[in-house]
Amino acid sequence: MSHAQRFFIALLPPQAIQDYANEIKQHFAVHYESRQALKSPPHITVQPPFEWASDQSHLEQSLQEFADQSAPVPITLDGFSAFPPRVIFINVLKTPELLTVQKQLMDYSETRLGIVDSASKNRPFAPHMTVAFRDLTEQNFSLAWQEFRDKSLHVELVANELTLLVHTGQRWTIAAEFPLTKPF
């Protein structure tokens, strides 16, 4: 039995959008002393972090089977929003496609892999792409929020794969990617 590792499952935007989101994260690091968001690639979490102690290949094979039955997910980024007093994020619209794939994945993870996120079961899914969190002070939050709350951003994109991320002890890195291959 290997020691448990921490994973989470996300949809990552295309590289150009990741670059844009990383520039914003960098802006927060420089201007607002918030670097925590730089510890993972820009993403929309669909399965929150969980501990996995058994074989990683079993986890990956199951996710591959899920991805094979799932279509690419159209995603709309729309402006900025916040979870005061710490988190600022790019707002992700709750489209039917995104809500469906998230619910299907949560159900699948629970029945096939025994992964249960009890907090998520008790609150509605709030898709978002974090650009600053945790180490953002309340004072810097209010300054940053004044800068970002009215900033316009509207991007339509398609997430073509499901991404499994693993925590290295320092940061989150991509462990595996699973193409979403079912036709729309």
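Conventions adopted
Residues numbered from 1 in each chain as written. Predicted model: local features only at pLDDT ≥ 70, side-chain atom pairs only at ≥ 80, totals over all residues. Heavy atoms only, no water. Buried < 20%, exposed > 50% of the residue type's maximum accessible area, 1.4 Å probe, protein only. Helix = DSSP H or I, 4+ residues; strand = E, 2+ residues; numbered from the N terminus. Pairing = 2+ DSSP bridges. Expected span 1.5 Å × (residues − 1). Arc of directions from axis to C-beta. Contact = heavy atoms within 4.5 Å. Axes fitted to C-alpha atoms, helices over the stretch in contact; angles between N-to-C directions. Parallel < 35°, antiparallel > 145°, perpendicular 65-115°, else oblique. Left-handed = near helix turned anticlockwise from the far one by under 90°. Nonpolar A, V, L, I, M, F, W, Y, C, P; charged D, E, K, R; others polar.

J.: Sorry if this is basic, but what is going on with the pairing of strand E1 (residues 5–11) here?
T.: Two faces belong to every sheet, and in a regular strand the side chains alternate between them. The buried count for E1 comes to 5 of 7 residues, which makes it a mostly enclosed element. Strand direction decides the pairing type here: E1 and strand E2 (residues 44–52), joined by 6 bridges, are antiparallel. Within E2, the position partnered with Ile9 by the bridge is Gln47. By the bridge criterion, 5 bridges tie E1 to strand E7 (residues 161–167) in an arrangement that is antiparallel. Counterpart to Ile9 in the pairing with E7 is Leu164.

J.: Would you explain helix H1 (residues 15–32) in this entry?
T.: What sets the pattern is the α-helix's 3.6 residues per turn: residues three or four places apart point alike. Between the first and last C-alpha of H1 there are 25 Å, a value that for 18 residues agrees with the 26 Å anticipated at 1.5 Å per step. Buried residues of H1: Ile17, Gln18, Ala21, Ile24, Lys25, Phe28, Ala29 and Tyr32, and no others. Buried residues along H1 cover an arc of 145° about the axis, so they all sit on one side. The exposed set on the far side of H1, more than 90 degrees from its buried face, consists of Ala16, Glu23, Val30 and His31. Tucked into the core, H1 has its buried residues touching strand E3 (73–83), strand E4 (87–92), strand E5 (128–132), helix H5 (138–148) and strand E6 (154–159).

J.: Looking at this model, I keep getting lost on the sheet that holds E1. Mind explaining?
T.: Sheet strands pair via backbone hydrogen bonds, and the direction of the pair is either parallel or antiparallel. Taken in spatial order, the 4 strands make up an open sheet running E2-E1-E7-E8, and their pairing is antiparallel. Each of the sheet's edge strands pairs with one partner strand only, and the pair in question is E2 and strand E8 (172–179). Sheet twist, expressed as the mean angle between neighbouring strand axes with direction ignored, is 20°. Contacts between helix H2 (residues 56–68) and the sheet are confined to E1, E2, E7 and E8, with E8 contributing the most and set at about 45° to the helix. With respect to the sheet, helix H3 (residues 96–113) is in contact with E1, E2 and E7, its orientation differing from that of E2 by roughly 15°.

J.: How should I be thinking about the packing of H1 against H5 in this particular structure?
T.: Relative orientation and spacing of two packed helices are given, respectively, by the angle between their axes and the distance between those axes. One can describe the packing of H1 onto H5 by two numbers: an axis separation of 11 Å at closest approach and a directional angle of 135°. Considering their axes alone, H1 and H5 lie oblique with respect to each other. In this structure, the crossing between H1 and H5 has a hand that is right-handed. Counted together, Ile24, His27, Phe28 and Tyr32 of H1 and Asn140, Leu143, Ala144, Glu147 and Phe148 of H5 form the full contact between these two elements. Of the residues contributing to the contact of H1 with H5, the split by class is 6 nonpolar, 2 polar and 1 charged.

Distances and angles like these do not, on their own, reveal function.
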